[in-house]
Structure formats: C-alpha cells, structure tokens
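In case you want the letters, here they are:
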Amino acid sequence: LHPSQSVSQAAVAVFMARKKTKVSEFNEVLLKDEINIDELRRLCFNGCPDRDGIRALCWKLLLGYLPLKKVYWDDELRRQRSSYQQLMNDVIVNPYASEDA
C-alpha cells in the first residue's frame, strides 16, 4: 500500500490487476488455432470476463455452436446463419402477401 493510497484504492488496484490477469488467461486459450475445451471449461467455471467478446465466444464454444478448430469458424457461422434465415423464411408469415401467390 502506497502512503498516498487509501485502502479502497488499493483494493480497486488489486481487483483490476486480477481482472487483467484473468482476461489474459482467457486470451491465451482463445487465441490458439484449436481451443482446448477442458482448459476453457476450467477457466469459465468461475465466470467469464464480459469484455472484448470473451463471454459470447466462450458460450458459443461451450455449447458446440462453434467448432474447436478456428479454421472452420467462418464456414460454420455461414452455415448457421443460412439455416437461421431459412427458418425465418419458413416460419414468418407476411400478412400482406396474397394467399394465391
């Protein structure tokens, strides 16, 4: 504790340092070409940081929405979005469209 710091300032500094470390741990796992799902689960067990899209990416990986190998992400996202668009086309009814069409 620096003499000019209050106890609450020191606590905030410690909290921010821990948060920065946690983010760097997640980045270390998420920046690899293939995600180690066991390591990701371990990190996520105590919560995911809600910054830089980390939480959203973790959920997509943990739920199997994205494959663990990054090279497949773009193709999988295209496939998922196309599937969703087809679902919307099948389900949503245009009230102005003629039934004869």
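Residues numbered from 1 in each chain as written. Predicted model: local features only at pLDDT ≥ 70, side-chain atom pairs only at ≥ 80, totals over all residues. Heavy atoms only, no water.

Turning our eyes to something else, we now look at a nonpolar patch on the surface. Taken together, the side chains of Tyr84, Leu87, Val91 and Ile92 make up a nonpolar region of the molecular surface, amounting to roughly 420 Å² of accessible area. Tracing the sequence through the fold places Val91 in helix α4 (residues 73-91). (Patch = residues over 30% accessible without salt bridge, like charges linked within 9 Å, V, L, I, M, F, W, Y side chains within 5 Å. Areas by Shrake-Rupley, 256 points an atom, 1.4 Å probe, with all protein chains shown as cover. Salt bridge = Lys/Arg side-chain N within 4 Å of Asp/Glu carboxyl O. Helix = DSSP H or I, 4+ residues; strand = E, 2+ residues; numbered from the N terminus.)

Moving on: the packing of helix α2 (residues 37-44) against helix α3 (residues 54-62). Taken N-terminus to C-terminus, the directions of α2 and α3 make an angle of 130 degrees; their axes are 11 Å apart at the nearest point. The pairing of α2 with α3 is recorded here as oblique in orientation. Crossing hand, α2 versus α3: left-handed. Counted together, Ile37, Leu40, Arg41 and Cys44 of α2 and Cys58, Leu61 and Leu62 of α3 form the full contact between these two elements. Tallied by class, residues from the contact of α2 with α3 come to six nonpolar, no polar and one charged. (Axes fitted to C-alpha atoms, helices over the stretch in contact; angles between N-to-C directions. Parallel < 35°, antiparallel > 145°, perpendicular 65-115°, else oblique. Left-handed = near helix turned anticlockwise from the far one by under 90°. Contact = heavy atoms within 4.5 Å. Nonpolar A, V, L, I, M, F, W, Y, C, P; charged D, E, K, R; others polar.)

In this section: α3. Of the residues making up α3, those classed as buried are Ile54, Cys58 and Leu61. Buried positions in α3, seen along its axis, are confined to an arc of 65 degrees and lie on one side of it. One or two residues past the end of α3 sits Gly64, with phi positive at roughly 80 degrees. (Buried < 20%, exposed > 50% of the residue type's maximum accessible area, 1.4 Å probe, protein only. Arc of directions from axis to C-beta.)

Per the stated rule, a full pass over the model turns up six salt bridges. Notably, a salt bridge pairs Arg55 with Asp50, separated by 3.7 Å at the nearest N-O pair. Residue Arg55 is classed as partly exposed on the basis of its relative accessible area of 35%.

Time to look at the side chain of Glu76. Along the polypeptide, Glu76 turns up in helix α4. On the accessibility criterion, Glu76 (18% relative accessible area) is buried. Within the local environment of Glu76, its side chain forms a polar contact with the side chain of Arg79, the two groups lying 2.7 Å apart. What Glu76 contacts, discounting residues up to four positions off in sequence, is Tyr65 and Pro67. (Polar contact = N/O pair within 3.5 Å; in protein donor to acceptor, adjacent residues only side chain to side chain.)

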